[in-house]
Amino acid sequence: MLQVKIIEDHLDEIKESLKKRNWGDTDISVVEKIIDLNTKRKAVQTELDQEKAKLNQLSSEIGNLFKSGKKDEAVALKDEVAKIKLKSEEQDALLTQITSELENNLLSVPNKLHPSVPAGSSEEDNEIYKPHQGDLPVLSENALPHWELAEKYNLIDFKLGAFIAGSGFPLFRGKGSRLQRALISYFLDEASNAGYEEIVPPLLVNEDSARATGQLPDKEGQMYYVERDDLYLIPTAEVPITNIMRDQIIEESDFPIKFTGYTPCFRREAGSYGAHVKGLNRVHQFDKVEIVQIEHPDKSYDTLHDMVAHVEHLLNSLKLPYRILRLCGGDTGFTSALTFDFEVYSAAQKRWLEVSSVSNFETFQANRLKLRYKDGDGKKHLAHTLNGSALALARIIACILENYQTEDGIKMPEVLVKYLGFDKI
RNA sequence: GGAGAGUUGGCCGAGUGGUCGAAGGCGCACGCCUGGAAAGUGUGUAUGCUCCAAAAGGGCAUCGAGGGUUCGAAUCCCUCACUCUCCGCCA
């Protein structure tokens, strides 16, 4: 959620940004409404505060009168207080109403896009920020897509997963399971080496946490919800890990704060079925190593590029063909100011699969998190939050299986061999 | 899951209806003292909103969260969350 102040101070940029997100003029007018509501809010609050000040003052007078035995005067004052109170209750109700209307409108406004974000309405309009280097791999004619390889080598049992849980819950076994574990270890080790503190967070979160990182109310339908205990299954480790910093005031010298964590991720993906979601392409449960940074506003874009470089390093070391996209306005997430997506080339399917998304949220999440830092003068400001997948496993596995297949088995990427204990499936 | 006890500022801890944003201590910051340090000593030390052009300085709110009683609530009542102890269950 953006601060009203940001909307007021950057009104034109905000409007431009909403336009890039393909908002119509009527919808964009919400920002004027917000500014208007905020002005009203201030006026009502000032009045209400004055009335309350009067009430507080009278109350203490009543106290004094009772103490000095002037009961009659005290009772008379009480009547006066009752009148003011009646009025202040009206103001109070008005303030509550205005505040909640303001809040609801604010919640509907997505983050202000970074100026570099291209206009565009869908994924077709994303900018290829860094195209794939060299030629794309071409497989032999009998090359198999990963779901067939998974079956052939007994790595993943989709049917069994569907039997036990439902469609979209793959069951890994044997070397498939081992490959999964190796990738997790490798990614976590690389993140640790890059200075991220490793976290094992809760996999279910409460409403406050989901709200603070912006999953609520925006993505409510995407999360599994445990009604009995009022908890949400995490759609990404971003949620519990970023919430480590909720309600914190840190020192400027604490920057950058770097966390990494491996978690399963749970996504309902309601309504997505069909060929393009076959196999591991889109599932309800997948594993992911996430990297999160809390950074000074002046440095957050440098940090964003560091994180992009970290992901690139991982993909390079796995020798997977990839490209980097700068998401256009229409495709950039609600909470993000600038997002780079990484796609790997799935050679048997002959398509690109998204395996990482690295974003700078600027103060959008910090506002909800109430995550501030003190500057040299002791003044408080919202920090910037960033995160990225490094990496999302399921699709990486799909890609490794397809791209590394040979006539007599699947070779394993070199960097994984020491984690796997074998170099071929 | 059952029974009981708790939740106060960065931390410890006092406060059971009025002048309490909150005693005292610790910590921290700055100063004095010192050759330097320790000890001692003085001052300061929450967050959000708001008024004011700004600073200075006001006002409102916040003592786990939300509601209620009252002219007035950290203090009384209700609901919820969390922590601790005992019992039960258990990887």
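Residues numbered from 1 in each chain as written. Chains lettered and ligands numbered in written order. Predicted model: local features only at pLDDT ≥ 70, side-chain atom pairs only at ≥ 80, totals over all residues. Heavy atoms only, no water.

S.K.: Quick question: what am I supposed to make of the overall build of chain A here?
M.R.: Helix and strand counts for chain A stand at 14 helices and 18 strands. The proportion of buried residues among the 425 residues of chain A is 50%. When the accessible surface of chain A is split by element, carbon and sulfur atoms take 47% of a total near 20700 Å². Looking at charge distribution, chain A has the averaged site of its 52 positive side-chain charges lying 3 Å from that of its 67 negative ones. (Helix = DSSP H or I, 4+ residues; strand = E, 2+ residues; numbered from the N terminus. Buried < 20%, exposed > 50% of the residue type's maximum accessible area, 1.4 Å probe, protein only. Areas by Shrake-Rupley, 256 points an atom, 1.4 Å probe, with all protein chains shown as cover. Lys, Arg positive; Asp, Glu negative; His and termini not counted. Charge placed at Lys NZ, Arg CZ, Asp CG, Glu CD.)

S.K.: Is there a simple way to think about the packing of helix 8 (residues 174-193) against helix 11 (residues 300-317) in this case?
M.R.: Working note: a packed helix pair is described by the angle between its axes plus the distance between those axes. Two elements in contact, helix 8 and helix 11, have axes whose closest approach is 11 Å; the angle formed by their N-to-C orientations is 140 degrees. In this view, helix 8 runs oblique relative to helix 11, as classed from their interaxial angle. The chirality of how helix 8 crosses helix 11 is right-handed. In this structure, helix 8 uses Y186, F187, E190 and A191 to contact helix 11, whose residues at the interface are H310, H313, L314 and S317. Taken together, the residues that form the contact of helix 8 with helix 11 break down as four nonpolar, three polar and one charged. (Axes fitted to C-alpha atoms, helices over the stretch in contact; angles between N-to-C directions. Parallel < 35°, antiparallel > 145°, perpendicular 65-115°, else oblique. Left-handed = near helix turned anticlockwise from the far one by under 90°. Contact = heavy atoms within 4.5 Å. Nonpolar A, V, L, I, M, F, W, Y, C, P; charged D, E, K, R; others polar.)

S.K.: Mind showing me how you'd approach the UniProt feature "coiled-coil region" (unreviewed entry) in chain A here?
M.R.: When the UniProt feature table is mapped to this numbering, "coiled-coil region" (unreviewed entry) covers residues 34-68. For residues 34-68, helix accounts for 97% and strand for 0%, while the C-alpha atoms at its two ends are 50 Å apart. (UniProt positions renumbered as here; feature names shortened; annotations may be inferred.)

S.K.: Is there a simple way to think about the nonpolar core in this case?
M.R.: The tendency in soluble globular proteins is for nonpolar side chains to be buried as a group. With 60 residues, the main nonpolar core has L183, F187, L315, L320, F342, V344 and I396 as its most contacted residues. Discounting residues that sit within four places of it in the chain, L315 has contacts with L320, Y322, F342, V344, V355, L391 and I396. (Core = buried A, V, L, I, M, F, W, Y, C linked by side-chain atoms within 4.5 Å.)

S.K.: Can you walk me through the packing of helix 2 (residues 11-20) against helix 4 (residues 30-67) in this structure?
M.R.: The interhelical angle for the contact between helix 2 and helix 4, taken along N-to-C directions, is 145 degrees, at an axis separation of 10 Å. In contact with L11, I14, K15 and L18 of helix 2, helix 4 contributes V31, E32 and I35. Looking at the contact of helix 2 with helix 4 residue by residue, the class counts come to five nonpolar, no polar and two charged.

S.K.: Would you mind showing me how to read the domain arrangement of chain A here?
M.R.: Think of interface size as the accessible area that goes away when the parts come together; that is how it is often given. Here chain A is partitioned into domain 1 (4-107) and domain 2 (123-420). The straight-line distance from the C-alpha centre of domain 1 to that of domain 2 is 42 Å. Counting residues at the interface gives six residues for domain 1 and nine residues for domain 2. Between domain 1 and domain 2, roughly 550 Å² of surface is buried when both sides are summed, and carbon and sulfur atoms account for 47% of that area. Among the residues domain 1 hides against domain 2, the three largest losses belong to I6, R21 and L107. Together they make up 79% of the total. At the boundary of domain 1 with domain 2, the tally comes to zero salt bridges. The tally of links from domain 1 across to domain 2 stands at three residue pairs in polar contact (both at pLDDT 80 or more). Tallied by class, the residues present in the side of domain 1 that touches domain 2 amount to two nonpolar, one polar and three charged. (Domains from an automatic or database assignment. Buried area = accessible area lost by both parts, 1.4 Å probe. Salt bridge = Lys/Arg side-chain N within 4 Å of Asp/Glu carboxyl O. Polar contact = N/O pair within 3.5 Å; in protein donor to acceptor, adjacent residues only side chain to side chain.)

S.K.: Sorry if this is basic, but what is going on with the pattern of salt bridges here?
M.R.: As a working rule, side chains carrying opposite charge can pair if their charged atoms are close by. Overall, the coordinates contain 15 salt bridges when judged by the stated rule. As a salt-bridge pair, E312 and K130 come within 2.5 Å of each other at their nearest N and O atoms. Linking E312 in helix 11 with K130 in strand 1 (residues 127-130), this pair joins segments that are 182 residues apart in sequence. On the basis of relative accessibility, which here comes to 14%, the residue E312 falls in the buried class.

S.K.: I tried to follow a negative patch on the surface on my own but got confused; where do I start?
M.R.: On the surface, a cluster of negative charge is contributed by E123, E124, D125 and E354. Looking at the element boundaries, E123 is found in the loop between helix 5 (71-107) and strand 1. Note on E123: relative accessible area 59%, which makes it exposed. (Patch = residues over 30% accessible without salt bridge, like charges linked within 9 Å, V, L, I, M, F, W, Y side chains within 5 Å.)

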